[in-house]
Amino acid sequence: MIASCDTPGLLPIFQALKAMLSNISPLKDSQSLPLLEAYSRVLASDVISPIQVPPADNSAMDGYAMRAEDLTSNEPLELIGVSMAGTPFTGEVTLGQCVRIMTGAIVPKGANAVVMQENTQVDKQLVRFLEPVSKGNSIRRAGEDIECGELVLQKGLRLQGAHLSLLASVGIAEVEVVRPITVGLIATGDELTPPGQPLAPGGIYESNRYALHAMLSRLGARVIDFGIVKDDKPSLRQAFKNADCQCDLVISSGGVSVGDADFVKDILDEMGQINFWKVAIKPGKPFAFGKLSKAWFCGLPGNPVSSYVTFQQLVVPVLQKLAGEQATEAEYFVAQAATAIHKRPGRADYQRGIYYRDEAGTLWVKPNGKQGSGIMSSIAHANCYIVLAQDHGDIAMGQHVKIQPMNGMVS
Ligand code: AMP
Ligand code: MG
């Protein structure tokens with residue numbers, strides 16, 4: 001059962017998250033995708049290596065392969081062939097012999113060390129080695145990166161570039177990933193005008209969907225855009241019904257704050273079980289969560305900064321859970337406040353900030369301009385959130401604060 005909508009006062013963020021996440025189970029369906037299409041998708045099963053990497057002992061240098069024990073005397077060794085990457089030497093290295101070898105080429109049978117060419121003197125078919133080496137020198141051992149049968153990547157991992165390279169390195173061409181989450185976007189408000197059209201009196205440009213669309217794409221979701229919906233019951237009912245039957249999750253912005261809540265609430269109540277919360281988060285506060293007749297639903301506040309921040313803090317974890325992604329802790333640093341920061345106790349603040357290091361290496365942070373929930377430039381030009389706990393008051397200059405860098409976030 002979803003947490004009570006009668007929760008008195010403000011709902012701390014962790015409780016809102018707990019209430020949402022405890023209700024959601026990951027999607028079950030998966031699909032097989034070629035590696036190049038699997039970026040940013042979540043692995044649906046563990047990946048086991050079918051081979052060892054590297055597949056054979058090979059050289060880490062351009063140089064010569066020989067028996068390390070043959071370098072104890074000062075005698076030059078006889079050059080008997082070449083081992084190239086992709087074209088191994090097929091003979092065997094025996095007493096007093098060496099083979100020219102290139103980086104990545106297989107170490108010939110009989111050889112047990114490689115010396116880089118800078119440490120040799122070559123005179124026709126004779127190679128003199130300037131100093132002795134130990135066995136195994138400059139050899140990359142078979143299986144030193146990955147053993148055959150080893151777990152390469154774990155189910156629930158969101159695939160980044162390095163993961164795709166790793167999968168390719170064990171010869172895997174396709175991976176099983178969780179199917180894309182279908183997310184419907186609805187922007188509500190009579191005043192909203194699409195960019196590119198003239199503004200009517202009292203109108204503003206609709207901007208929330210653009211950031212939401214971008215962040216959803218980054219999470220590998222399939223977005224269905226239901227556009228701008230007027231604040232009237234038949235239009236809203238139609239839009240929510242359409243979205244409900246086509247999507248796993250429907251996200252709306254606007255219409256959940258006190259003035260409008262009853263309006264959207266009536267329609268959502270007809271369709272399912274939605275909780276209208278006042279979450280203790282600033283910017284943010286009004287936030288709705290629940291289930292329509294089929295799809296999950298998150299109702300974001302309309303103010304652009306509030307919609308953005310509540311998406312990052314409250315909806316991203318929902319999407320991660322739906323995709324079965326392994327939970328990762330948010331990354332925080334501690335910085336010193338470069339100015340005094342105004343903060344009223346009662347809600348957790350996500351102030352938009354700029355952090356920087358001084359010459360001594362100390363990390364500083366200051367709020368980035370006006371912090372109003374409609375001031376989107378405060379986010380667009382910030383590089384972190386200054387995260388101030390719910391019960392915290394004003395921050396004095398020099399005090400330590402938690403910051404959440406934006407470059408580690410879905411943004
Ligand atoms: P609401 O949550 O509907 O009361 O909206 C709060 C404020 O956010 C109002 O000033 C709206 O005009 C504005 N707003 C709502 N939705 C959007 C949107 N999609 N894009 C830009 N501003 C919006
Ligand atoms: Mg509105």
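Parameters at a glance
Residues numbered from 1 in each chain as written. Chains lettered and ligands numbered in written order. Predicted model: local features only at pLDDT ≥ 70, side-chain atom pairs only at ≥ 80, totals over all residues. Heavy atoms only, no water. Helix = DSSP H or I, 4+ residues; strand = E, 2+ residues; numbered from the N terminus. Contact = heavy atoms within 4.5 Å. Axes fitted to C-alpha atoms, helices over the stretch in contact; angles between N-to-C directions. Parallel < 35°, antiparallel > 145°, perpendicular 65-115°, else oblique. Left-handed = near helix turned anticlockwise from the far one by under 90°. Nonpolar A, V, L, I, M, F, W, Y, C, P; charged D, E, K, R; others polar. Pairing = 2+ DSSP bridges. Core = buried A, V, L, I, M, F, W, Y, C linked by side-chain atoms within 4.5 Å. Buried < 20%, exposed > 50% of the residue type's maximum accessible area, 1.4 Å probe, protein only. Expected span 1.5 Å × (residues − 1). Arc of directions from axis to C-beta. pLDDT = per-residue confidence, 0-100. Phe/Tyr/Trp six-rings, centres within 6.5 Å; stacked < 30°, edge-to-face > 60°. Lys NZ or Arg CZ within 6 Å of the ring centre and 35° of its normal.

(A) Just the environment of Pro180, in detail. Looking at the secondary structure, you find Pro180 in the loop between β12 (174–178) and β13 (182–188). Here the alpha-carbon distance between Pro180 and Ala221, two residues 41 residues apart in the chain, equals 5.2 Å. What Pro180 contacts, discounting residues up to four positions off in sequence, is Gln31, Arg41, Gly220, Arg222 and Asp248.

(B) Geometry of the packing of helix α3 (residues 208–218) against helix α6 (residues 304–322). Where α3 contacts α6, the two axes come as close as 10 Å, and the packing angle between them is 25°. The angle between the axes of α3 and α6 places the two elements in the roughly parallel class. Taken as a pair, α3 and α6 cross one another with a handedness that is right-handed. Together, Asn208, Ala211, Leu212, Met215 and Leu216 of α3 and Pro304, Ser307, Tyr308, Phe311, Gln312 and Leu319 of α6 make up the contact between the two elements. The residue inventory of the contact of α3 with α6, partitioned by class, reads eight nonpolar, three polar and no charged.

(C) Quick peek at the sheet that holds β13. Ordered by their spatial adjacency, six strands build an open sheet running β16-β13-β17-β21-β20-β18, and the pairing between neighbours is mixed. Sheet topology places β16 (222–229) and β18 (273–278) at the edges, where each strand pairs with a single neighbour. On average, each strand axis in the sheet is inclined to that of its neighbour by 15°, with strand direction left out of account. Judged from the six bridges that link them, β18 and strand β20 (residues 286–291) form a sheet pairing that is antiparallel. In the strand pairing of β20, Ile274 is matched with Gly290.

(D) Layout of the nonpolar core. Ranked by internal contacts, the top residues of the largest apolar core, which has 50 residues, are Phe287 and Phe311. Top element by residues in this core is α6. It accounts for 10 residues. Other than its neighbours up to four places away in sequence, Phe311 contacts Leu212, Met215, Leu216, Ile251, Leu300, Val316 and Leu319. Grouped together as the second largest cluster of nonpolar side chains are 21 residues, Val229, Leu236, Val256 and Ile267 included.

(E) Expanded view of helix α4 (residues 233–246). Its 14 residues give α4 an end-to-end C-alpha distance of 20 Å, which sits within 8% of 20 Å, the value for a rise of 1.5 Å per residue. What α4 keeps buried is the set Leu236, Ala239, Phe240, Ala243 and Asp244. Considered in projection along α4, the buried side chains sweep an arc of 130° and stay on one side of the axis. Among the exposed residues of α4, those pointing more than 90 degrees away from its buried face are Pro234 and Cys245.

(F) Focus on the confidence of the model for the protein. Looking at the protein, the pLDDT average stands at 94 and 97% of residues meet or exceed 70. Overall, residues 1–7 carries pLDDT values under 50, and its contacts beyond four positions in sequence, including any with other chains, amount to 16 contacts.

(G) Molecular detail of the sheet that holds strand β6 (residues 97–101). Spatial ordering of the open sheet is given by β7-β4-β6-β5-β9-β8, a layout of six strands whose pairing is mixed. Looking along the sheet, the strands with just one partner apiece sit at the ends: β7 (113–116) and β8 (120–123). Neighbour-to-neighbour, the strand axes of the sheet open up by a mean angle of 40°, direction not taken into account. Inspection of the sheet shows strand β4 (residues 63–66) paired to β6 by four bridges, in the antiparallel sense. Residue pairing in the sheet places Gly63 in a bridge with Ile101 of β6.

(H) Highlighting the packing of aromatic side chains. Enumeration according to the criterion identifies six aromatic pairs in this entry. Taking 5.6 Å as the distance between ring centres and 10° as the angle between the ring planes, the aromatic pair formed by Phe289 and Trp296 counts as stacked. Across the pair, exposure class does not vary: Phe289 and Trp296 are buried alike. Measuring from ring centre to ring centre gives 6.0 Å for Tyr350 and Tyr385, while their planes differ by 80°; the resulting arrangement is edge-to-face. In this pair, Tyr350 is assigned in strand β23 (residues 348–357) and Tyr385 in strand β25 (residues 384–388), connecting sequence segments 35 residues apart. Relative accessible area serves as the criterion here: at 6%, Tyr350 is assigned to the buried category. What links up through ring pairs into an aromatic cluster is the set Trp277, Phe287, Phe289 and Trp296. Above the face of the Trp296 ring, Lys291 is positioned so that its terminal group lies 4.3 Å from the ring centre. A cation over a ring is seen here: Lys402 above Tyr332, with NZ or CZ 4.1 Å from the ring centre.

(I) Representation of unusual backbone geometry. Put simply, Val53 and Pro54 share a cis peptide bond, and its omega is -5°. Each neighbour pair has its own omega, and for Lys282 with Pro283 the value is 0°, a cis peptide bond. Note on placement: Pro283 falls in the loop between β19 (281–282) and β20. With a phi angle near 55°, Lys124 is a residue other than glycine that sits in the positive phi range. In this fold, Lys124 is placed in the loop between β8 and β9 (126–129). With a phi close to 55°, Ser138 is a non-glycine residue in the positive phi region.

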